[in-house]
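One-letter residues, chain by chain:
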Amino acid sequence: MGQSSVSSPDAEGRTSRLGGFYQLSLNERVATLAAWAALTPEECAWLAQGMGVERGDKMIENVVGRYDLPLGIGTNFTINGRDYLIPLVVEEPSVVAAVSFAARLARLGGGFRTGSSEPIMIAQVQLLGVADPELATAAILGAKQELLALANTSPTIARLGGGPVDVEVRWLPQTPTVPMLVVHLLFDVRDAMGANAVNTAAEAIAPRLEALSGGRALLRILSNYSDRRRAWAEVVIPAHAFSTAGFGGEAVIEGIAHANALAVADPYRAATHNKGIMNGIDAVALATGNDWRAIEAGAHAYAARQGRYAALTDWRVVREKMELLGSSAYRSDAVRLPDEADWPLLYGRLELPLAVGIVGGATRAHPVAQVALKILGVGSARELSEVMAAVGLAQNLAAIRALATDGIQRGHMALHARQMAIAAGAEGAAVDWVAERLVQEGQIRVERARELLAQDR
Ligand code: MEV
């Protein structure tokens, strides 16, 4: 893989490799984006004006105002051979720059490869007072077809080929109150996040479950541990992509593997490591009007699935093809790997539950979320979840690469200095030279930026 693959267009003739995008003015950035995603002038206007308080007043209760966050664009992403620009809503500096930087590195190995399971959500019905759990379980499983028919409560989802697919029963003999039976309804929600659909279905089957089990239904609600609805992303990147003046590429990728190892072995590090992953994933969730708390809950529950909280990622140094046998994307010959001269490689993988939708809820009601989905150009909720997995993996790579080399503060300081320069009134090229001076002097303050600008004038 030569340098040319870094900027070459995808099958649709577009490239997300927008070098210098950050140096454009806000208007120029919007114009570039409008050309990329064929945004109408009205859609561009939504980006600037946001949802507005009148719409917000219809969304939640007791509205008194609105609260804005910036929407930035993650560049350079290529996923399964297709280029994407990624809308990110986040208050933390560095996140957008970090994912874009990591996505640029990923292009050197052909970009991200992703996959996902069918969009299966789980609804739970809790049954108390079940005298004979074995008999109740047999009765419920024996009535599976009838229950699935009863649970088929969403004509919209049914029309799209989704609906309830299975029933499972779990007996919990030890709880802080009494033993209980829990019935899981598995529901293919297609392109919806699905919370409403599965909650309705759970309530619909509860009376029949009571009759079948002889118990009393209490909770009837989805599980945010949506472990049947997962997305994963993988990447390989040649070691030389990580070489800098101060660090050899191979040493850097070994450092990245050691950084990941700590997060696999230690929950204290795992929490921070996974938080970095969620920096990227939540930012896409917010931009597209998805429920980021649901995603967070699912991710952290999955991180603890083996009984101990651990990293959601796997990063390792790969020196032979055999070492990629455990990978979904790279074990076959279907995906071209970097040329032999470019090995060793860094291999990374992230897998997590991602219950996201592209229809209904805030994705539909929020005009900026609609624009964000148009920018992404995803055709299904599964595709959105895969893009989010790639963004999470990119964010994590950028963080642990920085941590395993210069440390995180250097990059943060440079960005912080840019913000101080802009706050002091710097424009165009002045932003860069003022920021550089602030970093050199170790004084990242807006007053100092003002002084530098005044001296220059
Ligand atoms: C900061 O928002 C995220 C990091 O702490 C993630 C990490 O440590 O991997 C930089």
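Fair warning: this is a prediction, and the values are worked out from it, not measured in the lab.

(A) Expanded view of the overall build of the protein. For the protein, the helix and strand inventory stands at 17 helices and ten strands. The C-alpha radius of gyration of the protein comes to 25 Å, within 12% of the 23 Å expected for a compact globule of 457 residues. In the protein, buried positions account for 51% of the 457 residues. The long-range fraction of contacts in the protein, counting pairs at least 24 apart against all pairs at least 6 apart in sequence, stands at 73%. Split by element, the accessible area of the protein, about 21000 Å² in all, is 54% carbon and sulfur. Here the protein contributes 42 positively and 48 negatively charged side chains, and the mean placements of these two sets differ by 1 Å.

(B) A look at the sheet that holds strand 7 (residues 216-222). Overall, antiparallel pairing links the four strands, which are arranged 5-6-4-7 in an open sheet. Taken across any chain shown, the strands that pair with only one partner, and hence form the sheet edges, are strand 5 (163-172) and strand 7. Taking each pair of neighbouring strands and ignoring which way they run, the sheet shows an average axis angle of 20°. Each of strand 4 (120-128), strand 5 and strand 6 (180-188) is contacted by helix 5 (residues 133-142), which is oriented at about 175° to strand 5, the strand it contacts most.

(C) The side chain of Asn274, seen in detail. Summarising the element assignment, Asn274 is placed in helix 10 (residues 267-287). Reaching out from Asn274, the side chain makes a polar contact with the side chain of Tyr309 at a distance of 3.0 Å. Excluding anything up to four places from it in sequence, Asn274 contacts His300, Ala303, Tyr309, Ala310, Ala311 and Leu312.

(D) Inspection of the sheet that holds strand 9 (residues 313-318) at higher detail. Taken in spatial order, the four strands make up an open sheet running 3-8-10-9, and their pairing is antiparallel. Lying at the two open borders of the sheet, with one neighbouring strand each, are strand 3 (113-116) and strand 9. The sheet shows a mean angle of 15° between the axes of neighbouring strands, direction not considered. Where strand 8 (residues 230-238) and strand 10 (residues 345-353) come together, nine bridges link them in antiparallel fashion. Paired with Ala233 across the strands is Leu350, a residue of strand 10. Against the sheet, helix 10 contacts strand 9 and strand 10, and its axis sits at roughly 75° relative to strand 10. On the sheet, helix 11 (residues 292-303) packs against strand 8 and strand 10 and is oriented at approximately 115° with respect to strand 10.

(E) View of the packing of aromatic side chains. A complete count under the given rule lists two aromatic pairs for this structure. Pairing Phe77 with Phe112 gives two aromatic rings, centres 5.6 Å apart and planes at 20°, and the pair type is stacked. Of this pair, Phe77 sits in strand 1 (residues 71-79) while Phe112 sits in the loop between helix 4 (95-107) and strand 3; the two residues are 35 residues apart in sequence, bridging distant segments of the chain. The interplanar angle of 90° and the centroid separation of 6.3 Å between the aromatic rings of Tyr330 and Tyr347 together place this pair among those described as edge-to-face. Separated by 17 residues along the polypeptide, Tyr330 in the loop between strand 9 and strand 10 and Tyr347 in strand 10 bring together distant segments of the chain. The burial state of Tyr330 is the same as that of Tyr347; both residues are buried. Sitting over the ring of Trp36, Arg14 keeps its end group 3.9 Å from the ring centre.

(F) Region of interest: the domain arrangement of the protein. Domain annotation of the protein identifies domain 1 (21-113 + 232-405), domain 2 (120-223) and domain 3 (411-456). The interface is formed by nine residues belonging to domain 1 together with five residues belonging to domain 2. When the area that domain 1 buries against domain 2 is broken down by residue, the three leading residues are Ala355, Val359 and Ala381, summing to 55%. Our count for the domain 1 to domain 2 interface comes out at zero salt bridges. Remark: the boundary between domain 1 and domain 2 carries two residue pairs in polar contact (both at pLDDT 80 or more). Class assignment of the residues belonging to the side of domain 1 that touches domain 2 gives a composition of six nonpolar, three polar and no charged.

(G) Structural view of the site of the ligand. The local shell around the ligand consists of Glu92, Arg269, Thr272, His273, Lys275, Gly276, Asn279, Ala399, Leu403 and Ile408. At a separation of 2.6 Å, an oxygen atom of the ligand approaches a polar side-chain atom of Glu92. Note that an oxygen atom of the ligand is positioned 2.9 Å from one of the side-chain N or O atoms of Asn279. In the complex, 84% of the free accessible area of the ligand, which totals 300 Å², lies under the protein chains. Put simply, the parts of the chain that give the shell around the ligand at least two residues each are helix 10 and helix 14 (381-403). For the shell around the ligand, the leading source of residues is helix 10, giving six residues. Looking at side-chain class alone, the shell around the ligand contains three nonpolar, four polar and three charged residues.

(H) Broad picture of a nonpolar patch on the surface. On the surface, a nonpolar cluster with roughly 410 Å² of combined accessible area is contributed by Tyr67, Leu69, Leu286 and Trp292. By the secondary structure assignment, Leu286 is in helix 10. Of the residues examined, Leu286 reaches a relative accessible area of 31% and is grouped as partly exposed.

(I) Summary view of the pattern of salt bridges. Enumeration according to the criterion identifies 28 salt bridges in this entry. Between Asp68 and Arg66 there is a salt bridge whose closest N-O contact spans 3.0 Å. Where Glu351 meets Arg230, a salt bridge forms, and the shortest distance between an N and an O atom there is 2.7 Å. Placement of the pair is Glu351 in strand 10 and Arg230 in strand 8, with a sequence separation of 121 residues. A relative accessible area of 23% means that Arg230 is categorised as partly exposed. Residues participating in the shared-partner salt-bridge network are Glu12, Arg14, Arg82 and Glu383.

Cut-off values and rules
Numbering of residues starts from 1 in every chain and runs along the sequence as written. It should be noted that, the model being predicted, local features are given only for residues of pLDDT at least 70 and side-chain atom pairs only at 80 or more, the latter also being counted only at that level, while totals for whole chains, interfaces and linings use all residues. The basis for the side-chain values is all heavy atoms of the structure; hydrogens and waters are excluded. To qualify as a helix, a DSSP run of H or I must reach at least 4 residues; to qualify as a strand, a run of E must reach at least 2; elements of each kind are numbered from the N terminus. Based on C-alpha atoms, the radius of gyration is set beside the globule rule, defined as 2.2 Å times the residue count to the power 0.38. When a residue's accessible area, from a 1.4 Å probe over protein chains only, is under 20% of the maximum for its type it is buried; when over 50% it is exposed; and in between it is partly exposed. Here a residue-residue contact requires only that any non-hydrogen atoms of the pair lie within 4.5 Å. Here the open area of atoms and residues is found with the Shrake-Rupley method and a 1.4 Å probe, where only the protein chains shown may cover a residue. In this tally, Lys and Arg are treated as positive and Asp and Glu as negative; His is ignored, and so are the chain termini. Each charge is placed at NZ for Lys, CZ for Arg, CG for Asp and CD for Glu. For two strands to count as paired, DSSP must find a minimum of two bridges between them. All axes here are fitted lines through C-alpha atoms, helices being fitted over the stretch that makes contact, and every angle between N-to-C directions spans 0 to 180 degrees. Polar contact is the term for a pair of N or O atoms within 3.5 Å; when the atoms are in protein, one must be able to donate a hydrogen and the other to accept it, and sequence-neighboring residues count only if both atoms are side-chain atoms. Pairing of aromatic side chains requires ring centres within 6.5 Å, counting the rings of Phe and Tyr and the six-membered ring of Trp. Pairs whose planes differ by under 30 degrees are stacked, by over 60 edge-to-face, and all others tilted. To sit over a ring, a charge needs its Lys NZ or Arg CZ within 6 Å of the ring centre and within 35 degrees of the ring normal. The source of the domain bounds is an automatic or database domain assignment. Throughout, the accessible surface (probe 1.4 Å) given up by two parts as they are put together, summed over both, is called the buried area. The rule for a salt bridge is simple: a side-chain nitrogen of Lys or Arg has to be within 4 Å of a carboxyl oxygen of Asp or Glu. We call Asp, Glu, Lys and Arg charged. Ala, Val, Leu, Ile, Met, Phe, Trp, Tyr, Cys and Pro are nonpolar, and the rest, Gly among them, are polar. Near, as used in this document, describes a residue that has one of its heavy atoms within 4 Å of the molecule or strand being considered. Two joining distances apply to patches: 9 Å for like charges and 5 Å for nonpolar side chains (Val, Leu, Ile, Met, Phe, Trp, Tyr), and every residue must have over 30% relative accessible area and no salt bridge.

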